[in-house]
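Residues per chain are reported as follows:
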Amino acid sequence: METDCTRDEVPANSALPPLAAGTRLLHIGPHKTGTTSIQGALFAAKEAMAAHGVDFPATSRHPMSAALAVCARPGMLGDSKPTERHWETLVEQVAATGRRTCVISSEFFADAPDDETVERIVQELGGDRVHVLVTLRPLVRIMPSQWQQYVQNGLRVGYEGWLRHMLKKAPYEKPTPSFWRRHRHDRLVERWMRVVGADRVTVVVVDDRDRGGLMRTFEALLGLPGNLLQEVPDTANRSLTLAETEMLRNLNKEFRGNELPEELYSQLIRYGAVMHMKSACAPGPDDVKIRTPQWAAEAAAEIGAEMALRIGAMGVRVLGDPGILSAVPKPPTRTDAEPRMAPEVAAQALYGALAAAAAAPVRNTAPVQARTVHQTSSKELVKVLGHRCLKRLRRR
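Below or above, wherever it landed, is the structure these notes cover. (Residues numbered from 1 in each chain as written. Predicted model: local features only at pLDDT ≥ 70, side-chain atom pairs only at ≥ 80, totals over all residues. Heavy atoms only, no water.)

1. Description of the environment of L136
And step 1. With respect to the helices and strands, the residue L136 is situated in strand β4 (residues 130-136).
And step 2. Taking the C-alpha atoms as reference, L136 lies 8.0 Å from L325; in sequence the two are 189 residues apart.
And step 3. For L136, the residues in contact, after removing those within four places along its chain, are P30, T33, H185, V203, V204, V205, V206, I311 and L325. (Helix = DSSP H or I, 4+ residues; strand = E, 2+ residues; numbered from the N terminus. Contact = heavy atoms within 4.5 Å.)

2. Focus on the sheet that holds β4
And step 1. Taking strand neighbours across the sheet as the criterion, the 6 strands line up as β2-β3-β1-β4-β5-β6 in an open arrangement whose pairing is parallel. In this open sheet, the two strands that pair with only one neighbour each are β2 (54-55) and β6 (317-319).
And step 2. Sheet analysis places β2 next to strand β3 (residues 101-105), joined by 2 bridges and oriented parallel. Directly across from V54, in β3, lies its bridge partner T101. (Pairing = 2+ DSSP bridges.)

3. Let's talk about the nonpolar core
Generally speaking, soluble globular proteins have nonpolar side chains that are buried together.
And step 1. Ranked by size, the top nonpolar core spans 65 residues in total, and within it W87, F109, I121, W192 and F218 carry the most contacts.
And step 2. Looking at this core, the element that brings in the most residues is helix α10 (residues 213-222), giving 6 residues.
And step 3. When sequence neighbours within four positions are dropped, the list of residues in contact with W87 reads A66, A69, V70, F109, R120, I121, E124 and L125.
And step 4. Counting 39 residues, the second-largest nonpolar core is a separate cluster that includes V274, M277, I290 and A356. (Core = buried A, V, L, I, M, F, W, Y, C linked by side-chain atoms within 4.5 Å. Buried < 20%, exposed > 50% of the residue type's maximum accessible area, 1.4 Å probe, protein only.)

4. Describing the side chain of T202
And step 1. Along the polypeptide, T202 turns up in strand β5 (residues 201-205).
And step 2. Engagement of the side chain of T202 in a polar contact is seen with the side chain of H131, the distance being 2.7 Å.
And step 3. Reaching out from T202, the side chain makes a polar contact with the side chain of R317 at a distance of 3.2 Å.
And step 4. Residue contacts for T202: discarding those within four places in its chain leaves H131, V132, L133, V134, R317 and L319. (Polar contact = N/O pair within 3.5 Å; in protein donor to acceptor, adjacent residues only side chain to side chain.)

5. A look at the pairing of β4
And step 1. By the criterion of burial, β4 is predominantly enclosed, with 7 of the 7 residues buried.
And step 2. Burial along β4 is two-sided: V130, V132, V134 and L136 facing one way and H131, L133 and T135 facing the other are all buried.
And step 3. Of the pairings in the sheet, the one linking strand β1 (residues 24-27) to β4 comprises 4 bridges and is parallel in character. Its bridge partner lying in β4, H27 is registered against L133.

6. Describing the pattern of salt bridges
And step 1. One pass over the structure, following the stated rule, counts 22 salt bridges.
And step 2. Of the charged contacts, one joins R182 and D111 as a salt bridge, the two residues approaching to 2.9 Å between their closest N and O atoms. Of this pair, R182 sits in helix α8 (residues 178-183) while D111 sits in the loop between β3 and α5 (115-125), and the two are 71 residues apart along the sequence.
And step 3. Look at D111 and you get buried, because its relative accessible area is 3%.
And step 4. The closest approach of N and O atoms between E306 and R184, which form a salt bridge, is 2.9 Å. Within this pair, whereas E306 is found in helix α13 (residues 294-312), its partner R184 is found in the loop between α8 and α9 (185-196), the two being separated by 122 residues in sequence.
And step 5. Its relative accessible area of 42% is what places E306 among the partly exposed residues.
And step 6. Each of D115, R184, D186, E190, R194, E306 and R310 takes part in salt bridges that share partners, so that together they form one network. (Salt bridge = Lys/Arg side-chain N within 4 Å of Asp/Glu carboxyl O.)

7. Observations regarding unusual backbone geometry
And step 1. Note that the residue after G29, namely P30, is joined by a cis bond; omega there is 10°.
And step 2. In this structure, P30 sits in the loop between β1 and α1 (35-44).
And step 3. Looking along the chain, the bond that leaves K174 and enters P175 is cis, with omega of 5°.
And step 4. Relative to the helices and strands, P175 is located in the loop between α7 (159-167) and α8.
And step 5. Of note, K32 is a non-glycine position whose phi angle comes to about 65°, a positive value.
And step 6. Locating K32 in the fold gives a position in the loop between β1 and α1.
And step 7. One non-glycine residue, A72, lies in positive phi territory at about 55°.

The quantities given are spatial measurements derived from coordinates; they are silent on function.
Quick look at the structure:
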């Protein structure tokens, strides 16, 4: 499907004039649009960028807690809740850059719930010095990545069921209400444009065929030398295979069904089993990937065409080809085999959970009433064992 765009297309990696010196470039994502790659590259080149007059004020690759706090969003399942102090610290770090150019990147800024929150973010990060950068990819590429990310945060719904909820079941808010706030991209751009104006918003359509294109665009906008930003390998950020995601989704069902403490999920599953499995096991050529059914791909492309048309009429600068957002991928020529998890992958996941249990404490949780085994149902027994595990971790 093609779209007619009323604005001239500008190749995303073409020579672009840099933003004015002293600009505070605010990259708001959204999720699954190359954010992790660009954040890793910016953080790795922090000292080199400073020599060219560009600061990366955050002290970590991704100031996620600050963005979550200002957007009044909770942390990941089982993590500690971000506080206002996280946001205040980032504001102080940005202010300390003075009149120099700086860049801030977090996809969680896309979760800003209303115009008032957007206004606050912009004003406290520099007011009229802030230039908003939005990176976009086709929905059909975002959806499988976003689904498996939701599963890593406790989602129990299968991929096709989740797609039906997002694409066919109005009001399209359950079970993941954040999805369309992030990925109805025309409305996202419009929210931020209402606050900063069209001349201070740049939209970059990411072309997955050009792996270095996004890096080159950031370099041009920031006035940095070419090839200063380089992708940093990050195995912990790889997507899960279908078998790995299904294993985790079924584990989520057991976890929720037995009402185990959320801190166990954070400590033992997300930062234990899943993190170790992703780091230790690279997907092989025979591993089955998450495939989007054709009906959903076509529906996503129609929404992408509508979004591209609306963004093109807003007057914001668009870099890259908006037609990418409405392209329908060709259906696969072969049927994938049944997804199966290799025993060594399952072993690495189990080891990761055990290593996390042995290595780190977990915060306090509500006490559990003591009972004998004979007085406790199997479901309640699992809950008791979970809380005892927490107590042992805290003693460490």
